[in-house]
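# Understanding the architecture of this molecule
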2 protein chains.
Amino acid sequence: MLSGVGHQLRRMASSVSSDARFIFRQWFDRESCTYTYLLGDADTKEALIIDPVIQLAERDAQQVQDMGLNLKYVMNTHVHADHITGTGLLKKLLACTNVKSVISKESGAEADVYVSGGDEITFGDMVVEVRSTPGHTNGCISYVFHAGRRVFTGDALLIRGCGRTDFQEGNSETLYNSVNSQIFSLPDDYFVYPAHDYKGLTVSTVGEEKKYNPRLSKPLDEFKTIMSNLNLDYPKQIDVALPANRVCGLYNLPAALTEKYGDKLVAK
Amino acid sequence: MLSGVGHQLRRMASSVSSDARFIFRQWFDRESCTYTYLLGDADTKEALIIDPVIQLAERDAQQVQDMGLNLKYVMNTHVHADHITGTGLLKKLLACTNVKSVISKESGAEADVYVSGGDEITFGDMVVEVRSTPGHTNGCISYVFHAGRRVFTGDALLIRGCGRTDFQEGNSETLYNSVNSQIFSLPDDYFVYPAHDYKGLTVSTVGEEKKYNPRLSKPLDEFKTIMSNLNLDYPKQIDVALPANRVCGLYNLPAALTEKYGDKLVAK
Ligand SMILES: [Fe+2]
Ligand SMILES: [Fe+2]
């Protein structure tokens, strides 16, 4: 069971993981329980960020700089109602690298680049596939990074849960069909990286969610009943978050944030 | 930049990552900002958990069950002062699988298995190397998982920080030497997984910490000055955590926890 350090350790370690081709980071916002993701090409250093939070944009920019990355895109999975996106502030903080904001055409929000299901987003020699996964909002998209066997599901599919469907054009039947056709159709071993988790879980797999998701493993009728009986509170942040997120967090910021980040929000 | 879905995606995806040989999960406790880790052998399903938190033991046990794993060890990097370990409760919740608790001999705590620097812990065909990294406490150890190019550093090395050295036999010079000889001597691309992060960062690398750690990238004298000037508060949890953690969270629990978990703490 326990013994002296064996030399097979060194041998195992010398076979560098194929994951070394890309850089991946998951960052958490303890306030809104939001996960932000970084994907980078380890060779070319081109990178993208998914779903940043404005209050943590300086942290994220520092990480990008520490890793010597060249940020190409800041992408949102949808117009968030629970936090203001860090997209606008990140663009300013990393202004020298000509970062472009990305959101779905169907979201109705403003960004530099609009995408729809079937599009690809490239960074270095890597590529992310856009999948249309409406239902939580009309404009929800998921990003599939096949080379890393990962799908970034936004609020469409959460770990053992899913985004609510009672506002922002939410529709439970649409969400059910999105998850089944666009996410559960991926291989079982693909990692599911959601936009939020409230229990400290960081990742799941397609196979696990198909089996154990207490909502989406159920038949459609049962799912619709579950979703219509959630009785959730009106989201605290929604009235400030939506106007700001419709312009990628560049304008329409609440006074406290304009005061805090005002000088940084003015392009250098 | 953006185009229709290319077929090269499928080809890239068909080469399964070498990381598929092992199962890895990182779990967060939002109260104490503690990270708990799960490592499993994907073939044999034997697994171990590092640094669980008692309040989240049920979550952890559920994850182990969902993934069909056979938990072999629950290991602590040291006697924690900021939370009560979930080791005892996990042993009870998963009693059928004969889980063994692991801690360092030098910690002075009670456990089923005692380890010291140089020992190996095996699960399935996988192995974790124990490295002695005292300084935050006398009994601090780090676990190196070479096959996954990961080191679990406990409180010895945090992301852009390190554990305090002003109580529990802490010694800044000892910590400095531990990190330099036992962690910074690993290859630069090894992932650093700490026991805590307070800013929502989840992982770093040996190379990044050697370069950017604001404390440990400094010469010894400067490090010692930094550590002696931290002026940190007395830890809120320490007086209940230490007695419980010295027996792996099996006994000496505060009344509120005994009441909450009492029936589960009695072996079935
Ligand atoms: Fe949302
Ligand atoms: Fe500690």
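Below, the structure is looked at part by part. Predicted model only: the values in this text are computed from it and were never measured.

Overall, the coordinates contain 25 aromatic pairs over all chains when judged by the stated rule. For the ring pair Phe24(A) and Tyr193(A), a centre distance of 4.8 Å and an interplane angle of 55° mean the geometry is tilted. Of this pair, Phe24(A) sits in strand 1 (residues 22–29) while Tyr193(A) sits in strand 11 (residues 191–194), and the two are 169 residues apart along the sequence. In this structure Tyr193(A) comes out as buried when scored by relative accessible area, which is 7%. Seen in terms of ring centroids, Phe24(B) and Phe152(B) are 6.2 Å apart; in terms of plane orientation they differ by 40°. Their pairing is tilted. With a gap of 128 residues between them, Phe24(B) in strand 1 (residues 22–29) and Phe152(B) in strand 10 (residues 150–154) connect regions that are remote in the sequence.

Turning next to the sheet that holds strand 10 (residues 150–154) of chain A. Residues and elements named next belong to chain A. The strand order across the open sheet built from 6 strands is 7-8-9-10-11-12, with neighbouring strands paired in mixed fashion. Single-partner strands in this sheet number two, and they are strand 7 (120–123) and strand 12 (204–205). Here strand 7 runs beside strand 8 (residues 126–132); their pairing, made up of 4 bridges, is antiparallel. Along strand 8, the bridge assignment pairs Ile121 with Val128. Contacts between helix 4 (residues 172–183) and the sheet are confined to strand 8, strand 9 (141–145) and strand 10, with strand 8 contributing the most and set at about 145° to the helix.

Attention now moves to the side chain of Ser107(B). Residues and elements named next belong to chain B. Following the sequence through the fold, Ser107 ends up in the loop between strand 5 (100–104) and strand 6 (113–115). A polar contact is formed between the side chain of Ser107 and the backbone oxygen of Ser104, at a distance of 2.7 Å. Here the side chain of Ser107 touches Ala109 through a polar contact of 3.1 Å, landing on its backbone nitrogen. Residues contacting Ser107, with those up to four places away along its chain left out, are Val79 and Gly139.

Between any two of four tetrahedral donors, the ideal angle at the metal is 109.5 degrees; between two of six octahedral donors, it is 90 or 180 degrees. All names here are of chain A. Coordination sphere of the iron ion (ligand 1), protein contribution only: His78 (NE2), His136 (NE2) and Asp155 (OD), at 2.0 to 2.4 Å. Of note, the donors binding the iron ion (ligand 1) are all from one chain and are spaced H-x57-H-x18-D. With a gap of 77 residues between them, His78 in the loop between strand 4 (70–75) and helix 3 (87–93) and Asp155 in the loop between strand 10 and helix 4 connect regions that are remote in the sequence. Of the residues examined, Asp155 reaches a relative accessible area of 8% and is grouped as buried.

Definitions and cut-offs
- Residues numbered from 1 in each chain as written.
- Chains lettered and ligands numbered in written order.
- Predicted model: local features only at pLDDT ≥ 70, side-chain atom pairs only at ≥ 80, totals over all residues.
- Heavy atoms only, no water.
- Phe/Tyr/Trp six-rings, centres within 6.5 Å; stacked < 30°, edge-to-face > 60°.
- Helix = DSSP H or I, 4+ residues; strand = E, 2+ residues; numbered from the N terminus.
- Buried < 20%, exposed > 50% of the residue type's maximum accessible area, 1.4 Å probe, protein only.
- Pairing = 2+ DSSP bridges.
- Contact = heavy atoms within 4.5 Å.
- Axes fitted to C-alpha atoms, helices over the stretch in contact; angles between N-to-C directions.
- Polar contact = N/O pair within 3.5 Å; in protein donor to acceptor, adjacent residues only side chain to side chain.
- Donors = N, O, S within 2.8 Å, 3.2 Å for Na, K, Ca; no water.

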